[in-house]
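# What the coordinates show
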Amino acid sequence: MSLGLENNLENATNRLSLTDCQEEESDIVDPWNVQSRSQTGVDYDKLVERFGSSKIDEELLTRWKKVTGKDVHPLLRRGIFFSHRDMHTILNLKEQGKPFYLYTGRGPSSDAMHLGHLIPFIVSKWLQDTFDVPLVIQLTDDEKFLWKDLKVEQVIKLARENAKDIIACGFDPENTFIFSDFTFIGQCPQFYQNIVRIQKSVTFNQVKGIFGFGDSDVIGKISFPAIQAAPCLSTSFPFIFGDKKIHCLIPCAIDQDPYFRMTRDVAPRLGFSKPALLHSVFFPALQGAQTKMSASDANTAIFLTDTPKQIKNKVNKHAFSGGQATVEEHREKGGDCNVDISYQYLKFFLEDDEKLKQIKQDYTSGAMLTGELKKLLIDTVTPIVQEHQQRRAAVTEETVDKFMTPRPLRFNSK
Ligand code: TRP
């Protein structure tokens with residue numbers, strides 16, 4: 001089956017054609033690789049163009065505030081969620097009092113979750129609170145088994161451990177369903193039926209184009225995208241939605257977009273609307289936007305299990321600085337917030353807009369020194385991590401069971 005005109009647009013490849021490479025060194029962004037040559041990280045404006053999504057602009061934010069009657073979350077206002085697909089459609093639904101639901105997920109490859117992993121969940125919780133809608137969270141233990149050197153038994157355990165961190169973000173138990181693929185596929189025939197419907201609608205050629213799969217990739221990988229796509233079809237959750245076809249909104253990091261470009265092509269052919277999306281930028285590693293956070297190198301990220309002392313040491317020793325080499329030089333020339341990781345992290349986690357603005361001014365002018373900026377970051381994230389640890393410790397096995405049991409949620413079909 002060939003893709004329609006609109007779909008061709010959405011089907012922009014993640015990897016670059018030869019001509020692109022010759023002209024400029026662009027970033028690589030797909031579900032398994034994120035690579036940028038620039039110190040400021042990926043060029044997100046170019047990505048919006050290449051992926052054919054839309055920028056989250058002032059007009060959308062103004063309308064959003066008007067429709068919901070609430071301030072828009074700082075992560076959206078500050079451009080950390082910077083791109084979307086069909087968010088206006090979701091606001092139309094809200095205006096008309098019509099239902100939709102939220103879908104997000106995590107690949108449980110490690111139990112060392114870091115601050116960056118919280119970002120999609122923080123926004124999902126805020127969206128759930130703002131719109132009072134059901135949220136489904138997919139834990140792709142199967143994906144991590146296929147892609148990583150892990151055993152089935154291990155990824156199943158990791159999914160459950162990660163579920164505790166996710167629950168600790170404060171989701172409403174009456175409106176949130178968390179599921180792991182290995183378990184849910186055996187609980188819900190409708191989920192598997194939708195997976196196979198999707199598998200029948202996408203050719204090998206198409207996933208090759210979208211994901212870059214090759215002849216020597218295992219067939220599990222080639223068919224996996226259908227499993228991440230299926231939760232976009234509301235009938236995968238009959239215990240929540242019955243057989244109703246409800247709109248879906250997905251908050252995720254931009255690297256997940258290929259899955260949903262594919263889904264947006266397939267969904268209308270199966271009688272569903274295209275899922276809407278909100279895309280976030282990547283959370284940078286402590287060493288700078290060009291390096292990667294790694295569960296095997298404790299110094300690349302602030303983990304949710306870190307102690308206050310570890311956080312302090314990591315920030316002071318490893319957070320890449322946009323400051324100058326000497327105090328004199330710094331006072332004279334000022335620092336560069338665009339590459340400074342302490343500032344970048346504050347942009348994610350400091351709630352006070354005015355304070356953030358002041359910090360940027362002072363650091364850029366040289367009035368604030370790197371040590372002072374680092375201290376501000378330490379004082380901001382330490383309580384966030386500590387509170388997370390307290391909430392996670394309070395999550396019991398029974399609570400996990402409750403969130404992960406297929407059951408009706410608070411959902412009114414209007
Ligand atoms: N593939 C994602 C990962 O590796 C996990 C995931 C599944 C997901 N479904 C999703 C992420 C929906 C965002 C939205 O992390």
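This write-up is about the structure you can find in this document.

What counts and how
Residues numbered from 1 in each chain as written. Predicted model: local features only at pLDDT ≥ 70, side-chain atom pairs only at ≥ 80, totals over all residues. Heavy atoms only, no water. Pairing = 2+ DSSP bridges. Helix = DSSP H or I, 4+ residues; strand = E, 2+ residues; numbered from the N terminus. Contact = heavy atoms within 4.5 Å. Axes fitted to C-alpha atoms, helices over the stretch in contact; angles between N-to-C directions. Buried < 20%, exposed > 50% of the residue type's maximum accessible area, 1.4 Å probe, protein only. Near = heavy atom within 4 Å. Polar contact = N/O pair within 3.5 Å; in protein donor to acceptor, adjacent residues only side chain to side chain. Areas by Shrake-Rupley, 256 points an atom, 1.4 Å probe, with all protein chains shown as cover. Nonpolar A, V, L, I, M, F, W, Y, C, P; charged D, E, K, R; others polar. Right-handed = clockwise from strand over helix to strand, strands pointing away.

Right, let's get into the sheet that holds strand β8 (residues 247-253). Either a parallel or an antiparallel arrangement is found when strands of a sheet pair, and the pairing is made through backbone hydrogen bonds. Strands sit in the order β3-β4-β9-β8-β5-β6-β7 across an open sheet of seven strands; the sheet is mixed. Because the sheet does not close on itself, it has two edges, and the strands there are β3 (54-55) and β7 (176-180). Here two bridges tie β3 to strand β4 (residues 81-85), and the two strands are oriented antiparallel to one another. Looking across to β4, one finds that Lys55 is bridged to Ser83. This element, helix α6 (residues 87-95), spans β4, β5 (100-106), β8 and β9 (276-280) of the sheet and lies at about 135° to β8.

The next thing to look at is the pairing of β7. As a general feature of sheets, a regular strand has side chains that alternate between the two faces. Among the five residues of β7, five are classified as buried, and the element is accordingly described as predominantly covered. Here β7 shows no split at all, with Thr176, Ile178 and Ser180 on one side and Phe177 and Phe179 on the other all buried. Strand direction decides the pairing type here: strand β6 (residues 135-139) and β7, joined by five bridges, are parallel. Directly across from Leu135, in β7, lies its bridge partner Thr176.

Let us now look at the site of the ligand. Taken together, 14 residues sit near the ligand, with Tyr103, Gln138, Glu143, Gln228 and Gln256 positioned nearest. Interatomic distance of 2.9 Å between a side-chain N/O atom of Tyr103 and a nitrogen atom of the ligand. For the ligand, a nitrogen atom lies 2.9 Å from a polar atom in the side chain of Glu143. For the ligand, whose free accessible area comes to 360 Å², the fraction covered by protein is 89%. Among the elements of the structure, β5, α8 (141-147) and β8 are those that each provide at least two residues to the shell around the ligand. A per-element tally of the shell around the ligand places β5 first, with four residues. Considered class by class, the residues forming the shell around the ligand number four nonpolar, seven polar and three charged.

A few words now on the pairing of β6. A large share of β6 lies buried, amounting to five of its five residues. Residue alternation in β6 divides its side chains into two sets, Leu135, Ile137 and Leu139 and Val136 and Gln138, and both sets are buried. Here five bridges tie β5 to β6, and the two strands are oriented parallel to one another. Across the sheet, residue Gly105 finds its bridge partner in β6, namely Gln138. Tracing the backbone out of β5, into helix α7 (residues 115-131) and back to the parallel element β6 gives a crossover that is right-handed.

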